Amino acid sequence: MWTSEQLRTFLGFVENDRLSALWYTAAMTSMRRGELAALRWSDIDLDAARIAGVCSIVVVDYKPTISEPKTASGRRSKAMDAILVAALKAHKRRQSEGRIALGPAYHRPARSRGERQAP
């Protein structure tokens, strides 16, 4: 468990990291790493400032596998603060710019197309 000062230091350090939105999401939502790995844009409502970890990636027989929540409380959405919303909006914008820059060479994994399968 980190203190508030340690968390501020870490978030300041990763501010310009390519995965900074992931680090902010982990810090601000207390989502587990499997939930973070399984997140899709459809699980995030930037306008309502809500995020839902609707599934998780777990390892079964040495293979990443999508796991649904076992209880209703595992399906609840969480509120996001303005800092996290801004970080996710910036990440989504950078992701779109990268997609445009790559054109037809851009490859979207099946999961980002809405399919629920392990990568």
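Above this text is the structure in question.
Report on the accompanying structure.

**So, the environment of E15**
The residue E15 is located in the loop between α1 (4-13) and α2 (20-29) in this model. Considering only alpha carbons, one finds E15 and A87, 72 residues apart in sequence, at a separation of 9.2 Å. Apart from the residues lying within four places of it in its own chain, the contact partners of E15 are S20 and Y24.

**Some thoughts on the sheet that holds strand β5 (residues 77-79)**
In space, the 3 strands of this open sheet follow the order β1-β2-β5, with antiparallel pairing throughout. The strands lining the two open edges of the sheet, one partner per strand, are β1 (44-45) and β5. Examined bridge by bridge, β1 and strand β2 (residues 50-52) share 2 bridges and lie antiparallel to one another. Following the sheet pairing, D45 is matched in β2 by R50.

**Some points on the packing of α1 against α2**
At a minimum axis separation of 10 Å, α1 and α2 run at an interaxial angle of 165 degrees. Relative to α2, the element α1 lies roughly antiparallel. When you trace α1 past α2, the crossing you get is left-handed. Touching L7, F10 and L11 of α1 are W23, Y24, A27 and M28, all from α2.

**Looking at the packing of aromatic side chains**
A complete count under the given rule lists 2 aromatic pairs for this structure. Between W2 and F10, the aromatic rings sit 5.0 Å apart at their centres with planes inclined by 65 degrees, giving edge-to-face as the arrangement. With a relative accessible area of 25%, F10 lands in the partly exposed category. Their ring planes at 75 degrees and their centres at 6.2 Å tell us that F10 and W23 sit as a pair that is edge-to-face. You can see F10 sitting in helix α1 and its partner W23 sitting in helix α2, a full 13 residues away along the chain. Chaining the aromatic ring pairs together yields one cluster made of W2, F10 and W23.

**Quick notes on the nonpolar core**
Formed by 15 residues in total, the largest nonpolar core has its most connected members in I44, L46, M80 and L88. Elements supplying a minimum of two residues to this core: α2 and α4 (82-102). At 4 residues, the largest contribution of residues to this core is made by α4. In this structure, L46 is in contact with M80, V85, L88, K89 and K92, ignoring residues within four places of it in sequence.

**Digging into the pattern of salt bridges**
Using the criterion set out here, one finds 2 salt bridges in the structure. R40 is the salt-bridge partner of D43, the closest N and O atoms lying 3.6 Å from each other. One exposure class covers both D43 and R40, and it is buried.

**Section: the packing of α2 against α4**
Interaxial distance between α2 and α4 falls to 9 Å at its minimum, and their mutual angle equals 155 degrees. The pairing of α2 with α4 is recorded here as roughly antiparallel in orientation. Crossing geometry of α2 relative to α4 is assigned as left-handed. Only I83, L84, A87, L88, H91 and R94 of α4 make contact with α2, whose side of the interface consists of S20, A21, Y24, T25, M28 and T29.

The rules behind these values
Residues numbered from 1 in each chain as written. Predicted model: local features only at pLDDT ≥ 70, side-chain atom pairs only at ≥ 80, totals over all residues. Heavy atoms only, no water. Helix = DSSP H or I, 4+ residues; strand = E, 2+ residues; numbered from the N terminus. Contact = heavy atoms within 4.5 Å. Pairing = 2+ DSSP bridges. Axes fitted to C-alpha atoms, helices over the stretch in contact; angles between N-to-C directions. Parallel < 35°, antiparallel > 145°, perpendicular 65-115°, else oblique. Left-handed = near helix turned anticlockwise from the far one by under 90°. Phe/Tyr/Trp six-rings, centres within 6.5 Å; stacked < 30°, edge-to-face > 60°. Buried < 20%, exposed > 50% of the residue type's maximum accessible area, 1.4 Å probe, protein only. Core = buried A, V, L, I, M, F, W, Y, C linked by side-chain atoms within 4.5 Å. Salt bridge = Lys/Arg side-chain N within 4 Å of Asp/Glu carboxyl O.

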